[in-house]
Amino acid sequence: TAESGLAMWPSLLLLLLLPGPLPLSGMDDTAFPHLGESSQPPPRACPLRCSCPRADTVDCDGLDLRVFPDNITRAAQHLSLQNNQLQELPYNELSRLSGLRTLNLHNNLISSEGLPDEAFESLTQLQHIYVAQNKLSVAPQFLPRSLRVADLAANQVMEIFPLTFGEKPALRSVYLHNNQLSNSGLPPDAFHGSEAITTLSLSSNRLSYLPPSLPPSLERLHLQNNLISKVPRGALSRQTQLRELYLQHNQLTDSGLDATTFSKLHSLEYLDLSHNQLTTVPAGLPRTLAILHLGRNRIRQVEAARLHGARGLRYLLLQHNQLGSSGLPAGALRPLRGLHTLHLYGNGLDRVPPALPRRLRALVLPHNRVAVLGPRDLAATPRLAELNLAYNRLASAHVHRRAFRRLRALRSLDLSGNQLTRLPMGLPSGLRTLRLQRNQLRMLEPEPLACLDQLRDLNLAHNRLRVGDIGPGTWHELQALQVRHAPVDHTVPRALPSPFLPQRVPNILVRG
């Protein structure tokens, strides 16, 4: 009607006079939060109880999981499931995670039956896989070509396959130690097409000979704690970049090695052959070798000819062999002009070996049968800084007063566990450590300790000294002496009278 139309005009006029359109409850205002939404970004999808510190990382470590977690984002590149109770890996779950680069399954209960052959087919970007400390009896038949590090240690693996580690051009490190691998479980082409492997650990398995066809790119090879009795001829002929070779705790005999075994290893620096059954030093040692460990074998004699090629040797360890009086004849070590340290403890040597290398810095000879120390026994080693003759058969009457005269660089001297009744004469003035415990010392006189103003460590424990056996002024020049073990007979006071002590030492500890 006309009246109703007139009634609408005031409202329309008001709308026309407004400066702009009326807002519709804020729905068109971009700054206004919509219903059910937050001003913060939406929460990141993450499996229950796991943590996802980054968009590409899922950490489910140590949650006692028994089933593979769901809701893992497809964007995951790093997935940790270590320290759980997983027994199997579902293929359908893994196949979703095609972008994975790191998969950590360390310390679970995964068996070979719980690891389908096709488990890793879709993980075409995987670089690091850790399946150590599980229940695998055989290795996966296939691992991705993109792999760089593979750790299958501490399982029960008895067999690997050609494509487990083969055809992996980027593979650098393989860890298979603490398994049950025998030579029959390693195919000849186990590492074919993987020419970048630098570290291979096969220690603590059941190998009876060094596997052939090892990668030529190897720099570190661990084969300790096996049953190896032989290195086949040519087995190490291509490993020219090998720097460290560990063969200790095996069953190697002289017949299991030949003159060519190590001769092609032109980069070898460390060779450990300890705890085997060798009776001679191996032949054909390379010039680059710096450390040779031959301890706990059955070596009776060291021949200079066997060491001729190893002229760069710095450390020679021959402890606990069967070296007797003729075990190290004069000149045996002459080729080793740069030798720094010689370990000979636990043999049957009755004298210091003659004609030792002139640059020798440490001579370790405890637990032998050395009974005499003549004036020239140590004359050839003027640079010696450490000399250990503990637990031999040295008596004071057979230690010449000039035995140590040429050792001006000597800093540590250990004569403990011998049969000395008095301090040796002619001790070097630069000596800082002197160990004489467990001898038969009955007196201390000032003269042997004169000029030892740098001596810091003096151990006289378990001798036969009494306070009255220590002459006045004995400690006068020992101004650098710190708290040392100087036990006398347990019947005397626990601290020596102050007149006997150097000014900087308040007391000398007494041990009964």
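Before going into details, it helps to say that this report is about the structure given with it. Just so you know, these numbers come straight off a predicted model, no measurement behind them. (Residues numbered from 1 in each chain as written. Predicted model: local features only at pLDDT ≥ 70, side-chain atom pairs only at ≥ 80, totals over all residues. Heavy atoms only, no water.)

Quick look at the overall build of the protein
And step 1. Assigned secondary structure in the protein consists of 5 helices and 19 strands.
And step 2. For the protein, the proportion of its 512 residues judged to be buried stands at 48%.
And step 3. The contacts in the protein between residues at least 6 apart in sequence include a share of 49% that link residues at least 24 apart. (Helix = DSSP H or I, 4+ residues; strand = E, 2+ residues; numbered from the N terminus. Buried < 20%, exposed > 50% of the residue type's maximum accessible area, 1.4 Å probe, protein only. Contact = heavy atoms within 4.5 Å.)

Comments concerning the environment of Ala132
And step 1. Following the sequence through the fold, Ala132 ends up in the loop between β5 (128–130) and β6 (149–151).
And step 2. For Ala132, a relative accessible area of 5% translates into the label buried.
And step 3. Along the primary structure Ala132 and Asn155 are separated by 23 residues, whereas in three dimensions their C-alpha atoms are 6.4 Å apart.
And step 4. With residues near it in sequence (within four places) discarded, Ala132 still touches Leu105, His106, Asn107, Asp151, Leu152, Ala153 and Asn155.

Some details on the packing of aromatic side chains
Within a pair of aromatic rings, the relevant descriptors are the distance that separates the centres and the angle that separates the planes.
And step 1. Per the stated rule, a full pass over the model turns up 2 aromatic pairs.
And step 2. Ring geometry for Phe165 and Phe191: centres 6.2 Å apart, planes at 20°, overall stacked. Here the residue Phe165 occupies a position in helix α3 (residues 162–165), and Phe191 occupies one in the loop between β7 (173–175) and β8 (199–201), the gap between them amounting to 26 residues. The pair Phe165 / Phe191 is uniform in exposure class, with both members buried.
And step 3. Seen in terms of ring centroids, Tyr246 and Tyr270 are 5.2 Å apart; in terms of plane orientation they differ by 35°. Their pairing is tilted. In this pair, Tyr246 is assigned in strand β10 (residues 244–246) and Tyr270 in strand β11 (residues 270–272), connecting sequence segments 24 residues apart. (Phe/Tyr/Trp six-rings, centres within 6.5 Å; stacked < 30°, edge-to-face > 60°.)

Focus on the pattern of salt bridges
Proximity of charged atoms lets side chains of opposite charge pair with each other.
And step 1. Within the structure shown, the criterion is met by 6 salt bridges.
And step 2. A salt bridge links Glu219 to Arg243, with the nearest nitrogen and oxygen atoms 3.6 Å apart. Highlighted residues: Glu219 in the loop between β8 and β9 (220–222) and Arg243 in the loop between β9 and β10, separated in sequence by 24 residues.
And step 3. For Arg233, the salt bridge is made with Asp258, and the minimal N-O distance between the two is 3.2 Å. With Arg233 in the loop between β9 and β10 and Asp258 in the loop between β10 and β11, this residue pair connects regions lying 25 residues apart in the sequence. (Salt bridge = Lys/Arg side-chain N within 4 Å of Asp/Glu carboxyl O.)

Overview of the side chain of Asn155
And step 1. Assignment of secondary structure puts Asn155 in the loop between β6 and α3.
And step 2. Every residue in contact with Asn155, bar those within four places of it in the chain, is listed here: Val131, Ala132, Gln133, Asn134, Lys135, Leu136, Asn178 and Asn179.

Structural notes on the nonpolar core
Side chains of nonpolar character tend, in soluble globular proteins, to be buried together.
And step 1. Counting residues in each nonpolar core, the largest one holds 124 residues, and the members touching the most others are Leu363 and Phe404.
And step 2. Both domain 1 (52–161) and domain 2 (370–486) contribute no fewer than three residues apiece to this core.
And step 3. In this structure, Phe404 is in contact with Leu373, Leu378, Leu387, Val399, Leu413, Leu415, Pro424, Met425, Gly426, Leu427 and Pro428, ignoring residues within four places of it in sequence. (Core = buried A, V, L, I, M, F, W, Y, C linked by side-chain atoms within 4.5 Å. Domains from an automatic or database assignment.)

Focus: unusual backbone geometry
And step 1. Residue Ser204 is not a glycine yet carries a positive backbone phi of 55°.
And step 2. Checked against the element boundaries, Ser204 lands in the loop between β8 and β9.
And step 3. The exposure class assigned to Ser204 is partly exposed, which follows from its relative accessible area of 23%.
And step 4. Non-glycine residue Tyr391 carries a positive phi angle of around 55°.

Some points on the pairing of strand β1 (residues 51–54)
And step 1. Pairing analysis gives 2 bridges linking β1 to strand β2 (residues 57–59), with the strands arranged antiparallel. For Ser51, the partnering residue across the bridge sits in β2 and is Asp59.
And step 2. Linking β1 to β2, which pair antiparallel, is a turn of 2 residues. (Pairing = 2+ DSSP bridges.)

Here's the deal with the state of the cysteines
And step 1. The final tally for this structure, using the stated rule, is 2 disulfides.
And step 2. The residue that forms a disulfide with Cys46 is Cys52, at a sulfur-sulfur distance of 2.0 Å. Residues Cys46 and Cys52 are joined through a disulfide that is right-handed, its torsion about the S-S bond being 85°.
And step 3. What makes Cys46 partly exposed here is its relative accessible area of 22%.
And step 4. A sulfur-sulfur distance of 2.0 Å marks the disulfide that ties Cys50 to Cys60. Handedness here is read from the sign of the S-S torsion; for Cys50 and Cys60, about 110°, the answer is right-handed. With Cys50 in the loop between α1 (2–17) and β1 and Cys60 in the loop between β2 and β3 (78–80), this pair connects stretches of sequence that are 10 residues apart.
And step 5. What makes Cys50 buried here is its relative accessible area of 12%. (Disulfide = S-S within 2.5 Å.)

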